[in-house]
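Residue strings, one per chain:
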Amino acid sequence: MKKTLSIILAIVIATTSLGAGTAVFAKMAKTANVEYSVYSGEFLMEPTEIEVSSYLSDTYAEQLGYNDSSDEPTILDVLIAAHLNMFDSVNGLSIAPSGWTVSSFGKDASAFSYRVSGNFSNGLTDNVANGDYVEFMFYQDASFWSDEYAYFNTRSAEICKNESISLNLSKVGWGTPSPAANANVTVNGSVAGKTDANGSITLSFDKIGTYKISTENNIGGAPIFAPWCVINVSTHLINYVEKEIKGASDFLLNGAASFSVENAVDYLTYLKSGYDMSAYNDTFLASVKANLDENGGKLVTPAVAGYNSEIGIYGAVIQILGILGLDAKDFEGYNLVDAFEALDPSVSYHPYYYRVAIEAANEDFAKTLCDKYITDFYVTGSGLNYWGFSCDNTAHFLTAIAKYKDDYSKYVEDAKAVIKTYTKENGAYCDNKYVTYVNTDSTALAMMAYASVGDLSTAFRYYKNLVEGFESAKTGVFLYNGAENFIANKDCLLALEYFENKIKAQGFEHPEEVIRKTNTVKATTKKNGSISKTCAVCGKTKTTAIYYPKTIKLSSTSYTYSGKAIQPRITVTDSSGKVIDAKNYTVKYSSNINVGTASAAVTFKGNYSGSVTKTFKINPPSTKLLKLTANKKGFTAKWSNQAKQTTGYQIQCATDKGFKKNVKTVTVSGNKTTSKKVTGLKSKKTYYVKIRTYKTVNSKKYYSGWSTAKKVKTK
């Protein structure tokens, strides 16, 4: 989109210099968002969305020797835009005065054809509208024109993982459409099966993602113009969160009149939600320009709660311009990026505005902001201090630095620990003085914070609390103290966006946990009970029998990486201590090869029901301390390289064999490092030294066992 807009802008600039005698501006420019593709036995260009201007045919009329004379975007405009998009020029396009295409896309066009939204067109002068798709096609059989146009019953679909979808394929040449039987259907380029006699095929997918569906370039040896369909495979969780985002956006924007630059941070949230903000964009952009004009090319906004807000406004506006396909380095003649990076980094800006600023900044400037943020507002062990310490403040802090979590891992882990102190079984509360009860905002923001650093298992628990405790009957509308609340829904919308993005990025599945329990019948020592649950995410109701308590034990809960699957022995006993026969349950191990937290899911069957998941750790392999060399008030340690399943090393020294006196620990990042100079020790003192490896997985460190200790006397 950015490229297309720049093409159009260049055209406008070029045409303004042609003089009063040029007829380019005889008509008003109109645009349409269309999709185009180019096919010649294979896709030279897969279906691609592009913005087309009616000015294109006028601008290139002299070069092409042909014009469409239309005030609306036409197939000719699409053809020109496609060449500009693919080749940055129209040199490969030639059109005869009659409107016949002589060459296109660098190929002889004697076998060239095109359709608009599946239908034959009358010629290049046919108009196109928003949502149309234009298929440019070269016949494979240029002698008898026998290629048939093939098409699925849909061009896009969304399904959940492991669900099935049936596609119907038809073909048409010069006559009536008919089912396309025995066609080899491809998924991402690989043949997945054949259509049946009715032209149908059923597909399912066991992984989330985007799948491109087409066919081979012939059916039974007869050439075809291949069809196109895109299937987006997601989880029930993604679908439900997207519905919640829409519901929250609808609620928040109901009756909203306009937005100005002062609302940029909120405006960015609405744009990122996917909500159609086209009705507000012009007014918002005009507000940005007016602010720049009035303040000598700088964005100046009122202080918020006594703090400067410009850094957040700049960060939000820069991101907004990018989403809208505009260049923040040249917006109405102003370079907002340079102005943003020229802001005084010594100023204490509003702590809730650092998030959007850090996300918009380049890495160097972003880390400068992170450092300032930590210095001004963060207290280790207590969290972010903004009118006091709270879950909400620390959640905003963690989300702000999440983009550089590896560089600030110390503060990431500390902030996560602080948020947990404000967490109860049914959600999170704000602070220890005023809002000590679990509430909507704190629960949502805690979810946002953990999602931002990729800890989706923890984020999901807060999400579950949010849905069960605060979502109204209207999907995506959340309650505070039992009533629909604007501020609470703004926090929920913001948090849901981070949650959704990480779900997509990490392929997070809909957990076995079912959201919203319905009816529970307690078990006794003589009678079974049951739990009936209805899931708000997938809508399924599941009834599970409850048996008298059972005990499940693993033979060990800690192992060392070996490169092979690790499967602890499972022992299951009932309440009387009797070992239950293994035929009454199955065990499924997962994540049990590499370093991290593995699991053993025990699922009962036969006379038993329910399931329990036990976890165990797989730690990285250890290393060996090779040599210690004494230095002045320190030493240099050398060790064996251990690159398998490690992130780095940790050296520990002390003045006693038990490592209890004058203990110092040094972390070495990078698993290829094999030596480290340790300083800051006492001179002429004997130190005992040991080393171990570590690996960071999902922001959590896993450690090997310590090596055998060696000793060295400092100089």
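The structure displayed is predicted, hence computed values, not measured ones.

Draft legend 1. Examining the overall build of the chain more closely. Check the secondary structure of the chain and you find 16 helices and 42 strands. When the backbone C-alpha atoms are referred to their principal axes, the chain occupies close to 95 × 70 × 60 Å. For the chain, the proportion of its 715 residues judged to be buried stands at 48%. Across the chain, the fraction of contacts at a sequence separation of at least 24, relative to all contacts at a separation of at least 6, is 59%. Element-wise, carbon and sulfur atoms account for 48% of the exposed surface of the chain, whose accessible area totals about 34100 Å². The distance from the centre of the 77 positive side-chain charges to the centre of the 66 negative ones in the chain is 23 Å.

Draft legend 2. Highlighting the pairing of strand β29 (residues 551-554). Along β29, the buried face is formed by I552 and L554; none of T551 and K553, which line the opposite face, is buried. Relative to strand β31 (residues 570-573), β29 is paired through four bridges, and the arrangement is antiparallel. Within β31, the position partnered with L554 by the bridge is I570.

Draft legend 3. Quick peek at the state of the cysteines. Evaluated as defined, the whole model comprises zero disulfides. Take C370: it sits in no disulfide, and the sulfur closest to it among the cysteines is that of C391, at 20 Å. Of the cysteine sulfurs around C535, a residue in no disulfide, the closest is that of C538, at 3.8 Å. Overall, C535 belongs to the buried group, its relative accessible area being 2%.

Draft legend 4. Examining unusual backbone geometry more closely. Of note in the backbone geometry, S117 takes a positive phi value of approximately 50° without being a glycine. By the secondary structure assignment, S117 is in the loop between β6 (112-116) and β7 (119-120). Positive phi, close to 50°, is recorded for Q645, a residue that is not glycine.

Draft legend 5. Representation of the sheet that holds β7 within the structure. An order of β2-β1-β8-β6-β7 is seen for the five strands of this open sheet, with the pairing classed as mixed. Looking along the sheet, the strands with just one partner apiece sit at the ends: β2 (43-53) and β7. Pairing analysis gives five bridges linking strand β1 (residues 31-39) to strand β8 (residues 133-138), with the strands arranged parallel. In the strand pairing of β8, V38 is matched with F136. Docked against the sheet, helix α4 (residues 75-87) engages β1, β2, β6 and β8, running at close to 115° with respect to β2.

Draft legend 6. Layout of the pairing of β2. In terms of strand pairing, β1 meets β2 through eight bridges, oriented antiparallel. Directly across from V34, in β2, lies its bridge partner I50. Counted along the chain from β1 to the antiparallel partner β2, the turn is three residues long, and its residue G41 has a positive phi close to 85°.

Draft legend 7. Local environment of the packing of helix α6 (residues 264-272) against helix α16 (residues 486-506). Across the interface, α6 lies against α16 with an axial gap of 10 Å and an inter-helix angle of 55°. Relative to α16, the element α6 is oriented oblique. Helix-helix and strand crossings are classified by hand; for α6 and α16 the assignment is left-handed. In contact with D266, T269, Y270 and K272 of α6, α16 contributes F486, K490, L493, L494 and E497.

Draft legend 8. A look at the nonpolar core. Residues V317, Y463 and F499 are the most contacted members of the largest nonpolar core, which totals 104 residues. In this view, V317 contacts V261, A264, F284, V288, L299 and L336; residues no more than four positions away in its chain are not counted. Among the nonpolar cores identified, the runner-up in size contains 31 residues, and Y36, V38, A82 and V128 belong to it.

Draft legend 9. Just a positive patch on the surface, in detail. There is a patch of like positive charges on the surface, built from K420, R461, K617 and K700. With respect to the element layout, K617 can be found in strand β34 (residues 611-619).

Draft legend 10. Up close: the confidence of the model for the chain. The share of residues in the chain with pLDDT of 70 or more is 93%, and the mean pLDDT across the chain is 90. Segment residues 1-27 is flagged for pLDDT under 50; beyond a separation of four residues in sequence, or across chains, it makes 36 contacts in the model.

Draft legend 11. Focus on the pattern of salt bridges. One pass over the structure, following the stated rule, counts 19 salt bridges. Put simply, K504 and E242 hold a salt bridge, and the shortest N to O gap is 3.2 Å. Linking K504 in helix α16 with E242 in helix α5 (residues 236-253), this pair joins segments that are 262 residues apart in sequence. Take K504: its relative accessible area is 42%, and that puts it in the partly exposed class. Here D266 ties to K490 by a salt bridge, and the two come within 2.8 Å at their closest N and O atoms.

Draft legend 12. The arrangement of the sheet that holds strand β36 (residues 634-639) in detail. Here three strands make up an open sheet; going across it, the order is β35-β36-β39 and the pairing antiparallel. Edge positions in the sheet fall to β35 (625-631) and β39 (675-678), since each of these pairs with one other strand and no more. Strand after strand, the sheet turns through a mean of 15° between neighbouring axes, direction not considered. Relative to β39, β36 is paired through four bridges, and the arrangement is antiparallel. For K638, the partnering residue across the bridge sits in β39 and is S675.

Draft legend 13. Spatial organisation of the side chain of D141. With respect to the secondary-structure elements, D141 resides in the loop between β8 and β9 (148-152). It turns out D141 is buried and unbridged, and the closest side chain with the opposite charge, K171, is 13 Å from it. Polar contacts involving the side chain of D141 include one to the main-chain amide nitrogen of S143, which spans 3.1 Å.

Draft legend 14. A look at the packing of aromatic side chains. Applying the stated criterion across every chain, the model contains 39 aromatic pairs. With 6.0 Å between their ring centres and 65° between their planes, Y585 and F604 make a pair best called edge-to-face. In this pair, Y585 is assigned in strand β32 (residues 585-590) and F604 in strand β33 (residues 596-604), connecting sequence segments 19 residues apart. A cation over a ring is seen here: K107 above F138, with NZ or CZ 5.4 Å from the ring centre. Just above the ring of F659 sits the side chain of K690; from NZ or CZ to the centre is 4.1 Å.

Calculation rules
Residues numbered from 1 in each chain as written. Predicted model: local features only at pLDDT ≥ 70, side-chain atom pairs only at ≥ 80, totals over all residues. Heavy atoms only, no water. Helix = DSSP H or I, 4+ residues; strand = E, 2+ residues; numbered from the N terminus. Buried < 20%, exposed > 50% of the residue type's maximum accessible area, 1.4 Å probe, protein only. Contact = heavy atoms within 4.5 Å. Areas by Shrake-Rupley, 256 points an atom, 1.4 Å probe, with all protein chains shown as cover. Lys, Arg positive; Asp, Glu negative; His and termini not counted. Charge placed at Lys NZ, Arg CZ, Asp CG, Glu CD. Pairing = 2+ DSSP bridges. Disulfide = S-S within 2.5 Å. Axes fitted to C-alpha atoms, helices over the stretch in contact; angles between N-to-C directions. Parallel < 35°, antiparallel > 145°, perpendicular 65-115°, else oblique. Left-handed = near helix turned anticlockwise from the far one by under 90°. Core = buried A, V, L, I, M, F, W, Y, C linked by side-chain atoms within 4.5 Å. Patch = residues over 30% accessible without salt bridge, like charges linked within 9 Å, V, L, I, M, F, W, Y side chains within 5 Å. Salt bridge = Lys/Arg side-chain N within 4 Å of Asp/Glu carboxyl O. pLDDT = per-residue confidence, 0-100. Polar contact = N/O pair within 3.5 Å; in protein donor to acceptor, adjacent residues only side chain to side chain. Phe/Tyr/Trp six-rings, centres within 6.5 Å; stacked < 30°, edge-to-face > 60°. Lys NZ or Arg CZ within 6 Å of the ring centre and 35° of its normal.

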